[in-house]
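Listed below, chain by chain, are the residues.
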Amino acid sequence: MKVVLQNLTKIFPSRSKKSGEEVVAVSNFNFEIPDGKLIGLLGPSGCGKSTTLYMISGLQKPTSGKIFFGDDDVTNLSTENRGIGLVFQNYALYPHMTVKQNILFPLQNLKGEDKLSKEAMLERAYEAARLVQIEELMDRKPSELSGGQQQRVAIARALVKMPRVLLLDEPLSNLDARLRLQTREEIRRIQKETKITTVFVTHDQEEAMSISDMIVVMKLGVVQQIGEPQEVYDSPANLFVAKFLGTPPINVFEGKVQGEKLFIGEAAVLDVPGVSDQEVHVGIRPEGFTLDDNGPLKCKLSNVEVMGRDVSIVSTHDHSENPIIRSIINADQRVNVASDVVSYSLKPHKVFLFSKDTEERIFFEVK
C-alpha cells in the first residue's frame, strides 16, 4: 500500500497568550512512500516526525494538505477505519491480560463483515505471535516479560489486524543497547516477511540508517532531505543533514575558497574546481582523512584510540568548529604517537562544502 502525503501541514495554536505565535509542527510535507517499503522519519526532538506519524494514523488532523492510502483519500477518515497498525514506545499493553488476550483484543472489537470466528481469531493471534517469535509466551502477563518481549507483543498486536500500513513511534527507545540492536533487526525481518508499508519514527540516526529503505530527515517541521540512507550520508543536502548523520559525527572546519582551492587556515588542502571565492563551512567525514607526512592539513595530536580493525585519531585544529577532530584510519597504518602533530591529505569525495550564509551544499567536481 503506497502512502502519499500531499502538502501536509500541521499548525498548533500558540502556547503563550502573550506572543500569540502559532507553532508550525509540520510544514508543506510532500512525499510518496512506496508500497512495501520501510521509511525512517528521522530528526531531533521537536522536528515534527511524530506529528507526521500521528497525522498518517488519524490521531491528529492536518491543518491543510491530504493523505492518500493507495488511491483512497483518508485525510478525514477515523483512525479505526484506516487499516493501520500502531506501535508506541511505551508498549501500551493491558497489564491484567495475558499476551494472547492482548494480541486478540483488536480482533475482538471487529464488527459487521470484518467480525471473525473464535477459531479464526486464535489462528491469526498465533500467526502474529510466531512472526515475532513469542508463541511460547502466550499465557504470561506483561509484568512477567522483559522489555524486548513486551515490545514484540505490541508489534504482534499491531500486525494481527493485517494492517495496510504499520506505524512505529520510537519503538526501541525504552530498550537497552543490546535489545535495541536485536529488536531493530527483528522489525526489519518482520517487515520484509510481511511486505507491509512501514513508517518508523526515531531520533537515532544509526537506527534509521540500518533498517530503512529510505530516510526522511526533518528539522523544525521542514523536510531537509529524502533518500536512501547511504545516498544521504554520502551526499548531504546541507550542513544540518551532514552533522545529523554519521557516527562519529562529521568534522566541521572554518574554511575559504580562493582561486578554486580550499584553504583551512593558511593551508591549501584541496582543489575545488568551479567554486567561487568565498568563506565556507568545510565538513570532513572521519573516514575522509589519509595519514600523510607531507599532507597539507596539520592537526595537533591529542590521542590515538585502537579499536581493533580501525584506529581513531583524536586531534585539534585552530579552525575546527568541533572541540576535537576524530579521524578513522585503517589499523595497518602506524601513527607516530611521539609527535605533537599529525598530517593528513584528504579524500575529495568525503569533503563537503557548505555556504557560510545559508548552510546549503556547494558542489565541486571530484576528480
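Residues numbered from 1 in each chain as written. Predicted model: local features only at pLDDT ≥ 70, side-chain atom pairs only at ≥ 80, totals over all residues. Heavy atoms only, no water.

Novice: Sorry if this is basic, but what is going on with the sheet that holds strand β2 (residues 23-33) here?
Specialist: Sheet strands line up and pair through hydrogen bonds in the backbone, either parallel or antiparallel. The strand order across the open sheet built from four strands is β2-β1-β4-β5, with neighbouring strands paired in antiparallel fashion. The open sheet has two edge strands with one neighbour each: β2 and β5 (72-73). In this sheet, β2 lies alongside strand β1 (residues 3-12) in antiparallel orientation, the contact comprising seven bridges. Pairing of Val3 across the sheet is with Ile33, part of β2. (Pairing = 2+ DSSP bridges. Helix = DSSP H or I, 4+ residues; strand = E, 2+ residues; numbered from the N terminus.)

Novice: Mind showing me how you'd approach the pairing of strand β3 (residues 38-42) here?
Specialist: Every regular strand shows the same layout, with side chains that alternate between the two sheet faces. Most of β3 sits out of view: five of its five residues are buried. Burial along β3 is two-sided: Leu38, Gly40 and Leu42 and Ile39 and Leu41, pointing in opposite directions, are all buried. One ladder, built from five bridges, connects β3 with strand β8 (residues 197-202); its direction is parallel. Among the inter-strand pairings, Ile39 is bridged to a residue of β8, identified as Val199. Two strands pair when backbone bridges link them, and β3 and strand β9 (residues 214-219) are joined in this way by four bridges, in the parallel orientation. Paired with Ile39 across the two strands is Met214, which belongs to β9. (Buried < 20%, exposed > 50% of the residue type's maximum accessible area, 1.4 Å probe, protein only.)

Novice: Where do I start with empty space enclosed by the protein in this structure?
Specialist: Gaps left between atoms are located by rolling a probe of water-molecule size over the structure's atoms. Applying the stated criterion across every chain, the model contains one cavity of 30 Å³ or more. Residue lining of the largest cavity: Ile155, Leu166, Leu168, Ile187, Ile190, Gln191 and Thr198, and that is the complete set. At the level of elements, β7 (165-169) and α5 (177-194) are the ones that each hand at least two residues to the lining of the largest cavity. At three residues, the largest contribution of residues to the lining of the largest cavity is made by α5. (1 Å grid on protein atoms, 1.4 Å probe; cavity = no way out; pocket = protein on both sides within 12 Å on 5 of 7 lines; lining within 4 Å. Points joined across faces, edges and corners; volume = space filled by probe spheres on them.)

Novice: Which parts of the structure should I look at to understand the layout of surface pockets?
Specialist: Estimated volume of the largest pocket: approximately 790 Å³. Along the walls of the largest pocket sit 24 residues, with Glu80, Ile84, Pro106, Leu110 and Lys161 positioned nearest its centre. Looking at the lining of the largest pocket, the elements that each hand over two or more residues are β6 (84-87), α2 (99-108) and α4 (147-159).

Novice: How do you make sense of unusual backbone geometry when you look at a structure like this?
Specialist: Residues apart from glycine generally show negative phi values, whereas peptide bonds are mostly found in trans. The omega torsion across Thr247 and Pro248 is -5 degrees, close enough to zero to call that bond cis. Positionally, Pro248 belongs in the loop between α8 (239-244) and β11 (251-258). Notably, Asn7 is not glycine yet its phi reads approximately 50 degrees, a positive angle. Structurally, Asn7 is set in strand β1. Residue Asn7 is classed as partly exposed on the basis of its relative accessible area of 38%. Even without being a glycine, Leu220 presents a positive backbone phi close to 50 degrees. The topology assignment puts Leu220 in the loop between β9 and β10 (222-227).

Novice: Can you help me understand the nonpolar core in this one?
Specialist: The nonpolar side chains of soluble globular proteins are, as a tendency, buried together. If you look at the biggest cluster of nonpolar residues, it comprises 35 residues, and the most contacted ones within it are Ile103, Ile134, Leu159 and Ile187. At the level of elements, α2, α3 (118-131), α4, β7 and α5 are the ones that each hand at least two residues to this core. Considering each element in turn, this core owes the most residues, six residues, to α4. Sequence-distant contacts of Ile134, that is, excluding residues within four places in its chain, are made with Val99, Ile103, Ala129, Arg152, Val153 and Ala156. Counting 28 residues, the second-largest nonpolar core is a separate cluster that includes Phe253, Leu262, Val282 and Leu346. (Core = buried A, V, L, I, M, F, W, Y, C linked by side-chain atoms within 4.5 Å. Contact = heavy atoms within 4.5 Å.)

Novice: Is there a simple way to explain the pairing of strand β12 (residues 261-264) in this structure?
Specialist: Where β11 and β12 come together, three bridges link them in antiparallel fashion. Each bridged residue has a counterpart across the sheet, and for Lys256 the counterpart in β12 is Phe263. Inspection of the sheet shows β12 paired to strand β13 (residues 267-271) by four bridges, in the antiparallel sense. Pairing of Ile264 across the sheet is with Ala267, part of β13.

Novice: What is the right way to read the side chain of Arg188 from this model?
Specialist: Secondary-structure assignment places Arg188 in helix α5. On the accessibility criterion, Arg188 (16% relative accessible area) is buried. Polar contacts involving the side chain of Arg188 include one to the main-chain carbonyl oxygen of Ile211, which spans 3.1 Å. Beyond its immediate sequence surroundings of up to four residues, Arg188 is in contact with Leu38, Ile211 and Asp213. (Polar contact = N/O pair within 3.5 Å; in protein donor to acceptor, adjacent residues only side chain to side chain.)

Novice: What's the story with the sheet that holds β10 in this structure? I'm lost.
Specialist: Reading across the sheet, the six strands line up as β6-β7-β8-β3-β9-β10 and stay open at both edges, with mixed pairing between neighbours. One side of each edge strand has no neighbouring strand; the edge strands of this open sheet are β6 and β10. Going from strand to strand, the sheet's axes swing by 15 degrees on average, the running direction of each strand aside. Where β7 and β8 come together, five bridges link them in parallel fashion. (Axes fitted to C-alpha atoms, helices over the stretch in contact; angles between N-to-C directions.)

Novice: How should I be thinking about the environment of Leu137 in this particular structure?
Specialist: One can find Leu137 in the loop between α3 and α4. With 161 residues separating them along the chain, Leu137 and Lys298 place their C-alpha atoms 59 Å apart. Contacts of Leu137, omitting those with residues within four sequence positions, involve Val99, Leu145 and Gln149.

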